[in-house]
Amino acid sequence: MIDARQVERLLGYRDPDGAVVSLYVDVPAQAVAVREMFVRVDNLLAEQADSSRDAPHAVRRELADARTQVHEALATHVRDWLGHGVALLAAPSLGLKEAMPVSWPVHTQVVAGSRPYVRPLLSALHHARPYYVVVVERREAWIFRVDGESIESVSKLVGDGVRDASHAGWAGYEEYNTRHRAAELARRHYRSTAATVEKLLAANGRDLVVGGHEVGIVEFVGQLPDAVRRRLVGTFVVDPHTMTAGDVRDLSARARDRCRREHERRVLAEVADREANGLAVSGIEACGQAVNRGQAAMLVVRGDAVVAGYDCETCGELTPKPVASCPHCGGPLRPVYDLVDELLARVVQQGGQVEFADEVGGAGPPDLPDEPVSAMLRGRLVRPDR
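In what follows, the accompanying structure is described.

Reading guide: rules and limits
- Residues numbered from 1 in each chain as written.
- Predicted model: local features only at pLDDT ≥ 70, side-chain atom pairs only at ≥ 80, totals over all residues.
- Heavy atoms only, no water.
- Helix = DSSP H or I, 4+ residues; strand = E, 2+ residues; numbered from the N terminus.
- Buried < 20%, exposed > 50% of the residue type's maximum accessible area, 1.4 Å probe, protein only.
- Areas by Shrake-Rupley, 256 points an atom, 1.4 Å probe, with all protein chains shown as cover.
- Expected span 1.5 Å × (residues − 1).
- Arc of directions from axis to C-beta.
- Contact = heavy atoms within 4.5 Å.
- Pairing = 2+ DSSP bridges.
- Axes fitted to C-alpha atoms, helices over the stretch in contact; angles between N-to-C directions.
- Parallel < 35°, antiparallel > 145°, perpendicular 65-115°, else oblique.
- Left-handed = near helix turned anticlockwise from the far one by under 90°.
- Nonpolar A, V, L, I, M, F, W, Y, C, P; charged D, E, K, R; others polar.
- Salt bridge = Lys/Arg side-chain N within 4 Å of Asp/Glu carboxyl O.
- Core = buried A, V, L, I, M, F, W, Y, C linked by side-chain atoms within 4.5 Å.
- Domains from an automatic or database assignment.

### Structural notes on the overall build of the protein chain
In step 1: The number of helices and strands found in the protein chain is 10 helices and 16 strands.
In step 2: For the protein chain, the residues scored as buried account for 46% of the 386 residues in total.
In step 3: Taken as a whole, the protein chain presents about 19000 Å² of accessible surface, with 49% of it coming from carbon and sulfur.

### Quick word on helix H2 (residues 34-51)
Each α-helix winds once per 3.6 residues, and so residues spaced three or four apart point in a common direction.
In step 1: With 18 residues, H2 should reach 26 Å at 1.5 Å per residue; the first-to-last C-alpha distance of 26 Å fits that figure.
In step 2: Of the positions making up H2, those classed as buried are Val34, Met37, Phe38, Val41, Leu44, Leu45 and Gln48. Viewed along the axis of H2, the buried residues span an arc of 125°, placing them on a single side of the element. Set apart from the buried face of H2 by more than 90 degrees, the exposed residues are Arg35, Glu36 and Glu47.
In step 3: Buried-residue contacts for H2 involve strand S1 (20-26), helix H3 (57-77) and strand S4 (109-113).

### A closer look at the pairing of strand S8 (residues 207-212)
In step 1: Most of S8 sits inside the fold, with 6 of its 6 residues counted as buried.
In step 2: Note that strand S5 (residues 131-136) and S8 share 6 bridges and pair parallel. Within S8, the position partnered with Tyr132 by the bridge is Leu208.

### Remarks on the sheet that holds strand S11 (residues 296-301)
In step 1: Strand order in the open sheet made by the 4 strands is S10-S16-S11-S15, with mixed pairing throughout. The open sheet has two free edges, formed respectively by strand S10 (280-282) and strand S15 (353-356), since each of these has just one partner strand. When the angles between neighbouring strand axes are averaged without regard to direction, this sheet yields 20°.
In step 2: In this sheet, S15 lies alongside S11 in parallel orientation, the contact comprising 4 bridges. The partner of Val301 across the bridge, within S15, is Phe356.
In step 3: Where helix H4 (residues 119-128) meets the sheet, it contacts S11 and S15, and its direction lies at approximately 75° from that of S15.
In step 4: Relative to S11, helix H10 (residues 339-349) is tilted by about 145°, and along the sheet it contacts S11, S15 and strand S16 (373-377).

### Considerations on the packing of helix H9 (residues 284-292) against H10
In step 1: At a minimum axis distance of 10 Å, the contact between H9 and H10 shows a crossing angle of 30°. On the basis of the axis angle, H9 is roughly parallel to H10. Remark: the crossing between H9 and H10 carries left-handed chirality. Contacts between H9 and H10 involve Ile284, Cys287, Gly288, Val291 and Asn292 from the former and Leu339, Val340, Leu343, Arg346 and Val347 from the latter.
In step 2: The residue inventory of the contact of H9 with H10, partitioned by class, reads 7 nonpolar, 2 polar and 1 charged.

### Re the pattern of salt bridges
In step 1: Enumeration according to the criterion identifies 22 salt bridges in this entry.
In step 2: Between Arg145 and Glu152 there is a salt bridge, with the nearest N and O atoms lying 2.9 Å from each other.
In step 3: Overall, the relative accessible area of 42% leaves Glu152 in the partly exposed class.
In step 4: One salt-bridge network, held together by shared partners, links Arg115, Asp311, Arg334, Asp341, Glu342 and Arg346.

### Notes on the nonpolar core
As a rule of thumb, nonpolar side chains are buried together in soluble globular proteins.
In step 1: Among the nonpolar cores identified, the biggest contains 41 residues, and Leu299 and Leu343 are the most heavily contacted of them.
In step 2: The leading source of residues in this core is H10, at 7 residues.
In step 3: Counting contributing residues per domain, this core is built from domain 1 (1-128) and domain 3 (278-385), each supplying no fewer than three.
In step 4: In this structure Leu343 touches Ile284, Cys287, Gly288, Val291, Leu299, Leu318 and Val373, once residues within four positions along its chain are discounted.
In step 5: Ranked by size, the runner-up nonpolar core spans 23 residues in total, among them Val21, Val27, Val34 and Leu44.

### Points about the side chain of Arg346
In step 1: Structurally, Arg346 can be placed in helix H10.
In step 2: Contact partners of Arg346, with chain neighbours within four places excluded, come to Val291, Asn292, Asp311, Gly316 and Leu318.

### Looking at the sheet that holds S5
In step 1: Reading across the sheet, the 5 strands line up as S7-S6-S5-S8-S9 and stay open at both edges, with mixed pairing between neighbours. Because the sheet does not close on itself, it has two edges, and the strands there are strand S7 (150-158) and strand S9 (232-237). On average, each strand axis in the sheet is inclined to that of its neighbour by 20°, with strand direction left out of account.
In step 2: Bridge count for strand S6 (residues 140-147) against S7 is 8 bridges, and the pairing is antiparallel. Looking at the pairing, Glu140 lines up with Val158 of S7.
In step 3: Here helix H6 (residues 214-221) sits on the sheet in contact with S5, S8 and S9, set at roughly 140° to S8.
In step 4: The strands that helix H8 (residues 245-276) touches are S5, S6, S7, S8 and S9; relative to S9, the one it contacts most, it runs at about 130°.

Structure representation (structure tokens):
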């Protein structure tokens, strides 16, 4: 599955002739529906070919080769991707030929441009980023890796045991000592499990979900290092000795989704507060100005609307306005299929953050404009005189 480092790597591919083809397909779960999917894909590829008929011959040839590559990759591996979204990217002149499943439904579409179309990938990372699940009790712990609908057992950890404390010794002192010893061994087990999880998370950007009995969850989370606790995105209650892998996947996904929606609401509330103080802006044009000047610390996308616009071939200025020349330097403009995608890509390359808040609906702050994109700024936006 896709991860953040792969997206950053894809953004390094750029063809000034615009001969990079990105095909996104939501492959049906049932094989009998695949034929209909291919009809839709063939029509979209034919539409793309028709839209590029005025391009130079060399560019048309590159686009044709790229369309062939993505179609062949889909035909070869489609049965491996049943029930998954898939991204297929190709640019023969750049040596780009990628095919990857996506852990989130994607809108079937074909986009040709100067670089891979990455907005669906970034959205999938936000909504369905792979994560680890730890189910804990006082003597045992189970670690799972969840990626979309798939779940894989990573390891089972067993702590030291103590003898049965069902009977008490003289005046109850032996029972007290046994219970005290059991509590200490449980804490040691939690600390050991936390250290194992810390090592797992240090090697990647995955989140963490914790399950088990309520008391065990509280005790275990209390042993997590601060860096690991910041990656905790949800908890759920389950009986470790009757759970199935499917239970763990479903319960952890619900816990993570609840946390994600709360996070989205907090982000939107922060955008509203910052905008009131001049430290955030909303709307394509205002966000474009912030990104053009490298002043966008975070871009927040709401919904999936595609906004067409223009990119200056000389200075790279982005604008949604259909003007004759660049309003910044007077250079020639070329059309951009989706300005939101271009803004996202540039913010990532500038070291900023991207967030999606498209599922909170009317639960967002009432003062926040209903715009497709907002930006939190590194400082107050300075608009130089033209």
